[in-house]
Amino acid sequence: MPDFDVVELDPTDHPEAGDDAPDFTRPLVNDEFWEDRSLSDLTAEGRVILVFTPMIGSYAAKYIWDELTERGWHERDARVVGVSAASPYEHSSVIADNEYPFDLFADPANGVAEAYGIAHDLDGMAGVSEPRPAFFAIDADGVVEASWVATEWPEFPEYDDIEETLGLA
């Protein structure tokens, strides 16, 4: 793996357990098509695990989705969906190329990450931001049950711990 400098990120003001999850509508993408869906549409069907990753196609996003696929998160009692700052075309290609069993919200302007307080400005790229890695368990009423948000870059959760935190163990 490449050698990276670890950077401490600024504190966030993200939703915590007991807070209402910010609702949003964006294209929900799979390998065949996409359509505008809201988070509240998904939570009306049951519990949702919302996974924010850096730019789709980046090593960090691939690492997260590969791990979640290998761990079988798509077979759990909650619907797992992603959010990343990229177009539906990029999302669809990454899903198809990697055979990911998850749908991803396309959020090219990174507005959802901003609403969740987890937008991360990219060094040396004026006006370009992406979500920091983050996970939110959201119940059928749209209330956050649990969360994990990266505090360093790069940082990934201890997946056994995050499964327990999010109620997936």
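Computed from a prediction, not measured in an experiment: that's the story for all the values here.

## Notes on the sheet that holds strand 2 (residues 25–29)
Then comes step 1: What the seven strands build is an open sheet, ordered 3-2-6-5-4-9-10; its pairing is mixed. With one partner strand each, in any of the chains shown, strand 3 (34–38) and strand 10 (144–149) form the two edges of the open sheet. The mean angle between the axes of side-by-side strands here comes to 25 degrees, regardless of whether they run parallel or antiparallel.
Then comes step 2: Examined bridge by bridge, strand 5 (residues 79–84) and strand 6 (residues 103–106) share four bridges and lie parallel to one another. Counterpart to serine 84 in the pairing with strand 6 is alanine 106.

## Observations regarding a negative patch on the surface
Then comes step 1: Where like charges cluster on the molecular surface, the negative patch consists of Asp13, Glu16, Asp19 and Asp20.
Then comes step 2: Take aspartate 19: it is sitting in the loop between strand 1 (7–8) and strand 2.
Then comes step 3: The class for aspartate 19 is partly exposed, based on a relative accessible area of 35%.

## Description of the packing of aromatic side chains
Then comes step 1: Applying the stated criterion across every chain, the model contains 12 aromatic pairs.
Then comes step 2: Plain terms: the ring middles of tryptophan 34 and tyrosine 89 are 5.0 Å apart, the flat faces sit at 85 degrees to each other, and that makes the pair edge-to-face. In this pair, tryptophan 34 sits in strand 3 while tyrosine 89 sits in helix 3 (residues 88–98), placing the two residues 55 residues apart along the sequence.
Then comes step 3: Given the relative accessible area of 60%, tyrosine 89 is considered exposed.
Then comes step 4: Through pairs of rings, three or more aromatic residues link up here, namely Tyr63, Trp73, Phe135, Trp148, Phe156 and Tyr159.

## Details of the pattern of salt bridges
Then comes step 1: A complete count under the given rule lists 12 salt bridges for this structure.
Then comes step 2: In this structure, glutamate 67 engages arginine 71 in a salt bridge whose closest nitrogen and oxygen atoms are separated by 2.6 Å.
Then comes step 3: Judged by relative accessible area, glutamate 67 falls into the buried class, the value being 16%.
Then comes step 4: The exposure class assigned to arginine 71 is partly exposed, which follows from its relative accessible area of 26%.
Then comes step 5: Between arginine 71 and aspartate 160 there is a salt bridge, with its nearest N and O atoms 3.0 Å apart. With arginine 71 in the loop between helix 2 (59–70) and strand 5 and aspartate 160 in helix 5 (residues 159–165), this residue pair connects regions lying 89 residues apart in the sequence.
Then comes step 6: Judged by its relative accessible area of 53%, aspartate 160 falls in the exposed class.

Criteria and thresholds
- Throughout this description, residue numbers start from 1 for each chain and increase along the sequence as written.
- At least 70 in pLDDT is required for a residue's local features to be given in this predicted model, at least 80 for side-chain atom pairs to be given and counted, and no such filter applies to totals for whole chains, interfaces and linings, which use all residues.
- Hydrogens and water molecules were not included; the side-chain quantities draw on all heavy atoms of the structure.
- Paired strands, in this sense, are two strands between which DSSP finds at least two bridges.
- Helix numbers and strand numbers start at the N terminus; a helix is a DSSP run of H or I with at least 4 residues, a strand a run of E with at least 2.
- Helix axes are fitted to C-alpha atoms over the stretch in contact, other axes to C-alpha atoms as well, and angles between N-to-C directions run from 0 to 180 degrees.
- What makes a patch is a set of residues exposed beyond 30% relative accessible area and free of salt bridges, joined within 9 Å when like-charged and within 5 Å when nonpolar (Val, Leu, Ile, Met, Phe, Trp, Tyr).
- Here, Shrake-Rupley sampling with a 1.4 Å probe gives the accessible areas, and only protein chains in the shown set may cover a residue.
- Salt bridges are defined as contacts in which a side-chain nitrogen from Lys or Arg sits within 4 Å of a carboxyl oxygen from Asp or Glu.
- By the counting rule applied here, Lys and Arg register as positive and Asp and Glu as negative, while His and the ends of each chain are not counted.
- Where a charge sits is defined by one atom per residue type, namely NZ (Lys), CZ (Arg), CG (Asp) or CD (Glu).
- Buried means the residue's accessible area, taken with a 1.4 Å probe over protein chains only, is under 20% of the maximum for its type, while exposed means over 50%, and partly exposed covers the values in between.
- Aromatic pairs are defined between Phe, Tyr and Trp rings, using the six-membered ring for Trp, whenever the two ring centres lie within 6.5 Å; interplanar angles under 30 degrees are classed as stacked, those over 60 as edge-to-face, and all others as tilted.

Keep in mind that these numbers describe shape and distance, not what the molecule does.
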